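One-letter residues, chain by chain:
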Amino acid sequence: MALLPKQWRNLTPQQRETRDFYLMILPWLIGFVLFTGGPVIYSFIISLTNWTGMNTRDWVGLQNYVELFTVDPLFGTVLANTFIYGTVSVLLGVIAALGIALLMNQKVPGISIFRAIYYLPSVTSGIAIAIMWGWMFNPRSGLVNAVLALFGITGPTWFTSSQWAMPGLILVSLWGIGPNMIILLAGLQGIPQHLYDAARIDGANRWQEFTNVTLPMLSPVLFYVTVISLIGSFQIFENVLVLTNGGPGTATRVLVFDLYQNAFVNSRMGYASAQAWILCVVIMVMTWLMFRISRRMVHYEHGA
Amino acid sequence: MRRLRRAKRLRRMINVLLIYLIAATGAIIFVMPFLWMLSTSLKASNEIFVFPPRWLPSSLHFENYAEALDMLPFGRYLANTLFIVIGNILGNLFSCTLAAYGFARLRAPGKNILFLLMLGTMMLPLWVTLIPQYIMFSSIGWSNGFAPLMVPAWFGWPFFIFLLRQFFMTIPQELEEAARLDGATTLGILWYIFLPLAKPALATVVVLAFIGNWNNFLTPLVYLRDSDLHTISIAINRFRGQYGGTNYNYMMAISVLAVLPVLTIFFFAQRYLIQGIVMTGSKN
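Please read all numbers here as calculations on a predicted model, not as lab measurements. (Residues numbered from 1 in each chain as written. Chains lettered and ligands numbered in written order. Predicted model: local features only at pLDDT ≥ 70, side-chain atom pairs only at ≥ 80, totals over all residues. Heavy atoms only, no water.)

**Regarding a positive patch on the surface**
All names here are of chain B.
- Together, Arg-2, Arg-3, Arg-5, Arg-6 and Arg-9 give the surface a local cluster of positive charge.
- With respect to the helices, strands and loops of the structure, Arg-6 is situated in helix α1 (residues 2–41).
- Looking at Arg-6, the relative accessible area reads 57%, which means it is exposed. (Patch = residues over 30% accessible without salt bridge, like charges linked within 9 Å, V, L, I, M, F, W, Y side chains within 5 Å. Areas by Shrake-Rupley, 256 points an atom, 1.4 Å probe, with all protein chains shown as cover. Salt bridge = Lys/Arg side-chain N within 4 Å of Asp/Glu carboxyl O. Lys, Arg positive; Asp, Glu negative; His and termini not counted. Charge placed at Lys NZ, Arg CZ, Asp CG, Glu CD. Helix = DSSP H or I, 4+ residues; strand = E, 2+ residues; numbered from the N terminus. Buried < 20%, exposed > 50% of the residue type's maximum accessible area, 1.4 Å probe, protein only.)

Given below as structure tokens:
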């Protein structure tokens, strides 16, 4: 700190602390202005222009937003696809994660090995894994239909079928429930034992214990996991790009895939920025709605 | 009495067996895709598309790996990827420990509002900043290179700041008070007291940053146009375009190699990953 200007050295301890605080968060603060806060505002400005590439950038007001909701024949489908993927994959994913977390919460030796196995897939996301799923769901020679054939079922053509492409993507998403499972497991382990003891004294059976102790005590965690997963699911990109490319037709064209195409394939930066803002608003509204709904359903232990 | 106890023990045993049975069934489903990928990567080209599919290759073709690696300059892509990954890990460690210490320990006017601002950006979809960042980086001539993928890491990553801050909060206050009385500076306290104690949290950051940057696809796809600059994930996507649909044995061989570093890290550092999730209640 000897390099600092002279008048900075004779400071009261509180002033010195303030100075140190701002020096230490300075990299983040610069980053916030340059790479987050600034771009967020800039993004909104771009969304009010017809920015395409480098030469065209005229002010068009809210025209992009109007076009999205009234002219663009795709956008309604795109929003519907995004909602369907989001709600179904999150609903199934949270239920599955809760089921596995309950299983992992049993006190039997060696359970941590299983925990590791369930968690493992979620760290290996990315292109290589998406390609692997394409091969798993290959209609003729993939493993999924081979297993179905063992049970006498003729599997669908999955990602080349407009009916089965979306269910396929949802199934793939279930492979990545590991982190939710870990968060729910931590929540389960935080439920005090005396509540179960009390329930047992009152003559509760296993199911009553689950609905009257476990679920209410876990509800804040369940709620948190649902919100975070929903935000994430609205941004699914790689699996769509690799497995379906938004198709067949428009069957799996989701919001961020459409946004990417508009921005980096069609060079419609203004239009795509408007879509990014709609994504942002959708996420904020959904989160707010869930908070509203949860107020009646979520049980917080210490008032709040 | 004894009969009752024996019945109870029997029920307990059946219970445990049932738990193992369910857990194992699920585990097999979860591991199967990896095994299928491995199995395919070792099959002969004429064995990939036989129907019904064979679970195991009839003979092991390890040469698939060498042949697949010969199709594109993967050494180059590995070097590019590692350069970005390591640079970003260092950048994150530098910027995030500093900010985390500030938020965890120092008092200053405006701190709470800045902290809330930072938490708010954790929820912000990256898609909102993607386009303006691209326009900004393009306008200063950075659009075809590593800089847009690496410079931001030196300016803090909210998730890691939050994670480290949570850990720093658990370090007892007495330690730094004693050091401060001995005349230690803030940086000295961070370097000599906090960082050694925070090794598990720093390891969590390293592991998460490695996995996140290794798997990263979207921003390299946007910024790295010259094939010389491509990372592994971009190269694999290109490989898919050129050889996909037919040479699944080569595709799976490359995929196995791409997943291997992450799997290795998982086996050695699973503890840190799980700690990171539990501490922040999130998944990066």
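**What to know about the interface of chain B and chain A**
- Each side of the interface is counted separately: chain B has 95 residues, and chain A has 91 residues.
- The contact between chain B and chain A buries some 8200 Å² in all, and 79% of this surface belongs to carbon and sulfur atoms.
- For the interface between chain B and chain A, the tally reads 1 salt bridge.
- Among the salt bridges present, the one from Glu-17 of chain A reaches Arg-107 of chain B, with a minimum N-O distance of 3.0 Å. (Contact = heavy atoms within 4.5 Å. Buried area = accessible area lost by both parts, 1.4 Å probe.)

**Focus: the pattern of salt bridges**
Residues and elements named next belong to chain A.
- This structure, assessed with the given rule, holds 7 salt bridges over all chains.
- Between Arg-268 and Glu-67 there is a salt bridge whose closest N-O contact spans 3.4 Å. Of this pair, Arg-268 sits in the loop between α12 (255–265) and α13 (269–297) while Glu-67 sits in helix α2 (residues 63–71); the two residues are 201 residues apart in sequence, bridging distant segments of the chain.
- Here Arg-253 makes a salt bridge to Asp-258, at a shortest N to O gap of 2.7 Å. Each member of the pair Arg-253 and Asp-258 is classed as buried.

**Topic: the domain arrangement of chain A**
Residues and elements named next belong to chain A.
- The domain boundaries assigned to chain A delineate domain 1 (11–63) and domain 2 (65–297).
- Placing a centre on the C-alpha atoms of domain 1 and another on those of domain 2 gives a separation of 32 Å.
- Opposite the 12 residues of domain 1 that make contact, domain 2 presents 10 residues.
- Buried area between domain 1 and domain 2, summed over both chains or domains, comes out near 880 Å², and the portion from carbon and sulfur atoms is 59%.
- When the buried area of domain 1 at its contact with domain 2 is split by residue, Ser-47, Leu-62 and Gln-63 rank highest and sum to 44% of it.
- Inspection of the region where domain 1 meets domain 2 yields 0 salt bridges. (Domains from an automatic or database assignment.)

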